[in-house]
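# Observations on the model geometry
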Protein chains: 2
Amino acid sequence: MALVTSPTRPGPIVSAAIIAVGSELLTPAKIDTNSLFITEQLNILGIDVKAKAVVGDERAQLEHVFRSFLARADLVVFCGGLGPTDDDLTREAVASVLDRPLAEDEAITAHLRARFASRNLPMPMPESNRRQAMVPLGGRVIPNPKGSAPGLWIDHDDRLVLLLPGPPRELRPMLSELREGPLKARSAGVSLLRRVVRVAGRIESHVDEAMHPLYQEWERATPPIAATILAVLGSIELHISTRAASREAAAIALESAVAQTVAILGADVYSTDGRLLEAVVGDLLVERGLRIGVAESCTGGLIASRLTDISGSSRYVDQAVVVYSNEAKTELLGVPPDLLREHGAVSEPAALAMAQGIKARARAGVGVGVTGIAGPTGGTPEKPVGTVVVSAVTDAESRVRTFRFFGEREQVKFQASQAALDMVRRMLGESGKVEV
Amino acid sequence: MALVTSPTRPGPIVSAAIIAVGSELLTPAKIDTNSLFITEQLNILGIDVKAKAVVGDERAQLEHVFRSFLARADLVVFCGGLGPTDDDLTREAVASVLDRPLAEDEAITAHLRARFASRNLPMPMPESNRRQAMVPLGGRVIPNPKGSAPGLWIDHDDRLVLLLPGPPRELRPMLSELREGPLKARSAGVSLLRRVVRVAGRIESHVDEAMHPLYQEWERATPPIAATILAVLGSIELHISTRAASREAAAIALESAVAQTVAILGADVYSTDGRLLEAVVGDLLVERGLRIGVAESCTGGLIASRLTDISGSSRYVDQAVVVYSNEAKTELLGVPPDLLREHGAVSEPAALAMAQGIKARARAGVGVGVTGIAGPTGGTPEKPVGTVVVSAVTDAESRVRTFRFFGEREQVKFQASQAALDMVRRMLGESGKVEV
């Protein structure tokens, strides 16, 4: 991909402001999350985000905020408002504030037509889509392999303005590529690096307590290490960061901080390199040359779906079943009706029998069985909503454990899937060794 | 609680801007969510949020954004930056921009001292806490029963400025009370209502083109109707809103706008009441008294997981299978090996056989089969990554269709699940009637 490069060399970019565009982002139900990814990418280059704003599809307001941010940050990043419709106003607002006329870029139009044609739709491209080919004078086009709206890079005096598309799957690869190339060339060369250490099986305050002595040591270190603790559903995340003159110095300092963290938290750490739990489990299965079979009741397919989110999962996922009814548990997994009658479908014997049943059926090295009460109905005093039994079996070992999760139906499902994947991870990686 | 009331009666408040204060909200791991609650509360009073911003603990930037918002909104709401420490700058910035000197309010200081004493701490209140008792001239105090920092209400010319504490448990009750009392008295007495119309099977620009005549009619209507179109993965959303003298008038106007939309977009509309596609399909299954069986290859359990996200789905989900390998397709669903050899696993005959197989196995009224190439590997020139075949069968009918989706693995999976659920929806609701 031919990315833009900067012809002139104004001062380095050290500050930025972000403008998310879209009236839907000003309603009580939607939130701008792109700015988090943008912040992360800019921080890697030592660029600090000074302010961010959300503006609706209203041109005067958009121009007003843009003008105000342009006066106070080296870089202004827009996300959104680049679509083909009348309420996509980012291009127009930017062109007007920078006083650069818009002109159609024929190459973009040709690309849009080709993309449209490839979809085999029974109609030609609407002419309105040509709005996406309009470029402010002097603006350079950033290709968008994932969507129709290209990005735009505009050098303006000593400022830089970036227009990025709103959909995260388009914005993310585009910005990552800029960050590694032309944007890096414009930054001051101070590196801010972050690592995320992901932990399962401990609550936030316990992680915090265990980490406390390290925090104090890190504050006085050179370079100082900063840490933020974050409780997300089914995990605790430690965000560890540092800023140093070189990327290498920052990386070395972070590496050692991560190693200290793992030494304290041990096998509860499941990832230090950004991998999600489903990827960690997938890698362990590949390493051990094992297939996994999953039998899900209350998680309803979520564990299988998470495992198969990982590219290459066909190496270890062959089949999985969702067995909501008792009949299905018996028919598909051979769980004896007597067992279900005696102990109930939400019981340790049932989960174990499900895990054994799917392991045999899928001729897999690991079998997983999950049964529980996701809610909001179906709870009893002995087995309230959120009760979930998780079992994992291998040729060598069987485990089963009863959990009690809080939250809505979807939260219970996710936590149950997390507990099941974590049980498999611990069984396969029993040594407790986590590679840093 | 003695809440403030407005002595003068300037014009009603119809527009607002929100400023969240705090450097931690400008890092990649934290997001301002207070503004969602504030937006909801203001919308109830017909007050539109025109823009929102996040600003760090930096006074010049704070003043700059405040000045810019004050020029363009009737109401500016601050949240955060009211603490006792040096980096809590909201009071100072507001006082400076409004040119109102700060003075200590003795009643607040007395309240702070009493609150501090009640905690039985072995030291007196630090003098720095008296910062929280500083009030800009003319500002009125909003009591904070949940914390130390009181809120502030400042009438300034025809504008209103509200300073609210950052912690949600303090902000929420304070704002709710204002909304029911003095803020309501200052609002125009109109109601702002919203509806979301969700559409499948059309692209954004086609929806936009079809809706264009309506947009123009709505602009001139009384009350005027506003619409924003939004492309989310696998759906197009139309956000329709209106503002009227009463909640009832707004509801009636919206109802009719939604009905007009459905008349134009027909069966492509799957929801007008916020329901997700999996809930719509669930409701249709309950209505028709049918169970659904799902056989998934490339979606890997996602369809089953989405169906079982809905509470009560055990009424129509009994079993589902994930069949990644050819052997699993044959063993679990009876798909003939010859068929797979001749047509390939990603083919219309294979998807159809999977749908029929799971329908029979689950003794269900509807069978769904999905097979495809989620990527990033596995594509061929004839069947590139993103090729997905979806089939749905009932006793009366069989459908099968080949799609080509863009995006990463997870996006392909989601769009495929959406296409499958939408196929079922259309088969079950063939009349094309959508209840508004």
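Everything numeric here is computed off the predicted structure, so don't read it as measured data. (Residues numbered from 1 in each chain as written. Chains lettered and ligands numbered in written order. Predicted model: local features only at pLDDT ≥ 70, side-chain atom pairs only at ≥ 80, totals over all residues.)

Here we take up the interface of chain A and chain B. Interfaces are often described in size by the accessible area the parts lose on coming together. With 63 residues of chain A at the contact, the number on the chain B side is 62 residues. Elements represented by at least two residues in the side of chain A that touches chain B include exactly helix 1 (34-44), strand 2 (48-55), helix 2 (59-70), strand 10 (225-232), helix 10 (302-307), strand 14 (317-323), helix 11 (326-333) and helix 14 (409-428) of chain A. Among the residues making up the side of chain A that touches chain B, the classes are represented as 24 nonpolar, 25 polar and 14 charged. (Contact = placed C-beta atoms within 7 Å. Helix = DSSP H or I, 4+ residues; strand = E, 2+ residues; numbered from the N terminus. Nonpolar A, V, L, I, M, F, W, Y, C, P; charged D, E, K, R; others polar.)

Looking now at helix 7 (residues 204-220) of chain B. Residue and element names in this part refer to chain B. The first and last C-alpha atoms of helix 7 sit 24 Å apart over 17 residues, in line with the 24 Å expected at 1.5 Å per residue. Where helix 7 bends most, the angle comes to about 50 degrees, and this point is Met211, followed within four residues by the proline Pro213. For helix 7, the complete set of buried residues consists of Glu204, Ser205, Val207, Asp208, Met211, Leu214 and Trp218. Looking at the buried side of helix 7, the elements it contacts are strand 9 (191-199), strand 10 (225-232), strand 11 (235-244) and helix 8 (247-265). (Expected span 1.5 Å × (residues − 1). Bend = angle between axes of the 7 residues up to and from the residue. Buried ≥ 20, exposed ≤ 12 C-beta atoms within 10 Å, placed from the backbone.)

For the rest of this paragraph, the subject is the domain arrangement of chain A. Taken as a whole, chain A is organised into domain 1 (15-186), domain 2 (191-271) and domain 3 (277-428). Of note, the centres of domain 1 of chain A and domain 3 of chain A, computed from C-alpha atoms alone, are 43 Å apart. (Domains from an automatic or database assignment.)

Another point: the sheet that holds strand 9 of chain B. Strand pairs in the sheet, formed through backbone hydrogen bonds, run parallel or antiparallel to each other. All names here are of chain B. Ordered by their spatial adjacency, four strands build an open sheet running 10-11-9-12, and the pairing between neighbours is antiparallel. The outermost strands of the open sheet, each flanked by one partner alone, are strand 10 and strand 12 (269-271). Averaged over all pairs of adjacent strands, the angle between their axes in this sheet comes to 30 degrees, without regard to strand direction. Bridge count for strand 9 against strand 11 is nine bridges, and the pairing is antiparallel. From the neighbouring strand, Arg194 faces strand 11, where its bridge partner is Ser241. (Pairing = 2+ DSSP bridges. Axes fitted to C-alpha atoms, helices over the stretch in contact; angles between N-to-C directions.)

All right, on to the pairing of strand 11 of chain B then. Residue and element names in this part refer to chain B. By the criterion of burial, strand 11 is predominantly enclosed, with eight of the 10 residues buried. Pairing between strand 10 and strand 11: eight bridges, direction antiparallel. Within strand 11, the position partnered with Ile229 by the bridge is Leu238. The antiparallel hairpin formed by strand 10 and strand 11 contains two residues in its connecting segment, where Gly234 sits at a positive phi of about 80 degrees.

Attention shifts here to unusual backbone geometry. Residue and element names in this part refer to chain A. Residue Pro376 is bonded to the preceding Gly375 through a cis peptide linkage, with omega at 0 degrees. On the secondary structure map, Pro376 appears in the loop between strand 15 (366-372) and strand 16 (387-393). With a phi angle near 55 degrees, Asp99 is a residue other than glycine that sits in the positive phi range. Mapped onto the elements, Asp99 comes out in the loop between helix 3 (90-98) and strand 4 (102-104). Residue classification places Asp99 among the exposed residues on the basis of 9 C-beta atoms within 10 Å. Of note in the backbone geometry, Arg363 takes a positive phi value of approximately 45 degrees without being a glycine. With respect to the helices, strands and loops of the structure, Arg363 is situated in the loop between helix 13 (348-361) and strand 15. Assessed through the 11 C-beta atoms surrounding it within 10 Å, Arg363 is described here as exposed.

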